[in-house]
Structure formats: C-alpha cells, structure tokens
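Now for the letters of each chain:
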Amino acid sequence: MAKIISNREIAPDTYLMAVQGKYSGKMGQFYMLRSWRFYPLLSRPISIHDINDDSISFLYRVAGEGTVLLSQLKTGDELHLEGPFGNGFPELKGKVAIVGGGIGAAPLYYAAKALGSSSEVENLDIYLGFREEPLRLEAFEALANKVRVQLGGNVTELVNPNSYDYIITCGPEAMMEALYKKSVGSSAKVYVSIERHMACGIGACLVCTCETKSGNKKVCKDGPVFLGEEVYHG
Ligand SMILES: Cc1cc2nc3c(=O)[nH]c(=O)nc-3n(C[C@H](O)[C@H](O)[C@H](O)COP(=O)(O)OP(=O)(O)OC[C@H]3O[C@@H](n4cnc5c(N)ncnc54)[C@H](O)[C@@H]3O)c2cc1C
Ligand code: FES
C-alpha cells in the first residue's frame, strides 16, 4: 500500500494524483490501481504521468465507478498499485513529435520528459488537442521547443509528418488513425498507444486482445504501444 500525497481536480472531472514511494517505469507503461477492497472486482490501468525520486503521479479522467473512487482519495489515504506493466514507447532519436488528444496527454508528459533529456533527440515538438481546457500546458511547455495547442477541431492538422523521424501519439482512436494515415509515405514512423478494457493487466486473461497485421496481440503485454502500421491500414 502506498500513501497519497495529493489528488487534485485540475480540470472538470480530471485529477492529478501524486503517490509516495520509489517507482520505476518507462514512458508509455502503466500501473494497475485500486483503492477499494472487493468491488469493483478489477484494478484500473492508468499510465505513468510522471516519476520523481520519491513519488509517482497519474493524470486521470473520471469515467466510471473505479475512477470515481480514485477521485475521492485524500492526502494520507492508501492506494494499492502494481506495475509497471506493458511495452511502452521505444527510445527514439532525431526529430520527434508528440501528439496528444484529451486525456491521451497523460502518458505523454513522462515521454516528453524522457525524450527532452535524451542526447539522441535533436528536436522535440509537442502538439496537444483538447475539446475545451488544456491539461498541464505549463508543464509541457517547460519540456519542449515548441508546444502547439488546438482547442476544439483536429490537432492532427497542425502536424507535418515530413518534419519528423518519429511521431508518438496517444488519444482518441480516430485521431491516432488519422495521424497514422497522414504520415504514410512521409519520413515519420508513428507509434500509437492504444486502449482496451483490461482485467489482469499481465497477459493472462485475453480480455485486451487487439487485431494487428501480425495476428492478435495483448494490449497489456505486447502493447499498449504499437507501430501505427501494425494496427491501422494505410
Ligand atoms: C494501458 C491503459 C492506460 C490508461 N491510462 C489512463 C490514464 O493515464 N488516464 C486516464 O484517465 N485513463 C487511462 N486509461 C483508461 C482507464 O483505465 C479507464 O478510464 C478506467 O479503467 C475506467 O474505469 P472506471 O471504473 O472509472 O469506469 P468503468 O465503469 O469501468 O467504465 C466507464 C465507461 O468507460 C468505458 N471504458 C472503461 N475502460 C475503457 C477502456 N480501456 N477503453 C475504452 N473504454 C473504456 C466503459 O465501457 C464505460 O462506458 C488507460 C487505459 C489503458 C488500457
Ligand atoms: S488484461 Fe488480461 S491479457 Fe491483457
């Protein structure tokens, strides 16, 4: 059990939770969280938003009963977390763009922090799309040369894939698919972080199966990060 340091509502129904302790994890990986004993049955997968020397944080949107319970946690309350799980974003080099939509920005902050401090990354640009209020904009702005924000509309329109070697993205499926399709034939390889319902989180139950060009894969173990060309048709 770990102790909650803080759990603040930073936008309507969106919480930033910091948890005490030493944690590890790569960009794009996730933890399974629960603050309840018996019901709901399953822990909930939430991506690493940030890790510091003595804490880990999660940025999450209230979607249903599990995240409602998480949102009610106060400083000093206890949380059970297991992880890190999954295959995150790979180490990248050259010119990199990060593209997030809505709460899909959650894992991209930790990714931006890792890529921004990598000597292999020549240039890092961040594109974020939100329906209304931007999430953690100042924090993102501290990490990259260029942060462009689209409120309403389609953030993929801001991105020129030919300016990049790699694009990593997380957000609504339609946004990621559109970005992948836009990148076909460009210089950029696209990595997408996809979401599925999860039960075990460790590759044992098959609840999170997704179809790829090389057969069915488990999002919790083989993903959540995949090459766009594996999961979308160009
Ligand atoms: C690898 C991974 C990382 C994630 N990281 C984050 C994160 O950093 N921040 C964040 O806010 N959320 C994240 N999510 C989504 C989060 O896990 C779900 O919103 C949460 O499990 C919902 O639980 P609940 O009990 O609140 O809602 P439930 O009562 O379980 O569901 C509420 C509604 O959301 C739908 N739903 C639940 N889970 C999913 C899902 N995985 N995909 C699509 N629809 C779903 C349900 O069908 C239902 O309509 C992640 C999911 C995955 C798979
Ligand atoms: S959640 Fe059980 S196999 Fe992925």
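Refer to the structure presented above.
Residues numbered from 1 in each chain as written. Chains lettered and ligands numbered in written order. Predicted model: local features only at pLDDT ≥ 70, side-chain atom pairs only at ≥ 80, totals over all residues.

Student: Would you mind going over the site of ligand 1 with me for this structure?
Tutor: Surrounding ligand 1, one finds 22 residues, the nearest of these being Y60, G64, G66, T67 and A106. Those elements that place two or more of their residues in the shell around ligand 1 are β4 (44–47), β6 (55–61), α1 (65–71) and α2 (106–116). Counting residues per element, the shell around ligand 1 draws most heavily on β4, at four residues. Tallied by class, the residues present in the shell around ligand 1 amount to twelve nonpolar, five polar and five charged. Summarising the domain contributions, the shell around ligand 1 has at least three residues from each of domain 1 (2–85) and domain 2 (94–231). (Near = placed C-beta within 6 Å. Helix = DSSP H or I, 4+ residues; strand = E, 2+ residues; numbered from the N terminus. Nonpolar A, V, L, I, M, F, W, Y, C, P; charged D, E, K, R; others polar. Domains from an automatic or database assignment.)

Student: What is the right way to read the nonpolar core from this model?
Tutor: Inside soluble globular proteins, nonpolar side chains tend to come together where they are buried. If you look at the biggest cluster of nonpolar residues, it comprises 65 residues, and the most contacted ones within it are I98, A111, A112 and I167. Considering each element in turn, this core owes the most residues, seven residues, to α2. Taken domain by domain, this core gets at least three of its residues from each of domain 1 (2–85) and domain 2 (94–231). Ignoring sequence-local partners within four residues, the contact set of I98 consists of L108, A111, A112, I126 and I168. (Core = buried A, V, L, I, M, F, W, Y, C linked by C-beta atoms within 7 Å. Buried ≥ 20, exposed ≤ 12 C-beta atoms within 10 Å, placed from the backbone. Contact = placed C-beta atoms within 7 Å.)

Student: Help me understand the sheet that holds strand β9 (residues 121–130), please; the structure alone is not making it clear to me.
Tutor: Whenever strands of a sheet pair, they do so through backbone hydrogen bonds, lying parallel or antiparallel. The six strands are arranged β10-β9-β8-β11-β12-β15 in an open sheet whose pairing can be described as mixed. Bordering the open sheet on either side are β10 (146–151) and β15 (225–227), each of which pairs with just one other strand. Averaged over all adjacent pairs, the angle separating strand axes in this sheet is 20°, with direction ignored. Across five bridges, strand β8 (residues 94–101) lies against strand β11 (residues 166–170) in parallel orientation. Within the sheet, the bridge partner assigned to V99 lies in β11 and is T169. Each of β8, β9, β11 and β12 (189–193) touches helix α4 (residues 173–183); the most contacted strand, β12, lies at about 170° to it. (Pairing = 2+ DSSP bridges. Axes fitted to C-alpha atoms, helices over the stretch in contact; angles between N-to-C directions.)

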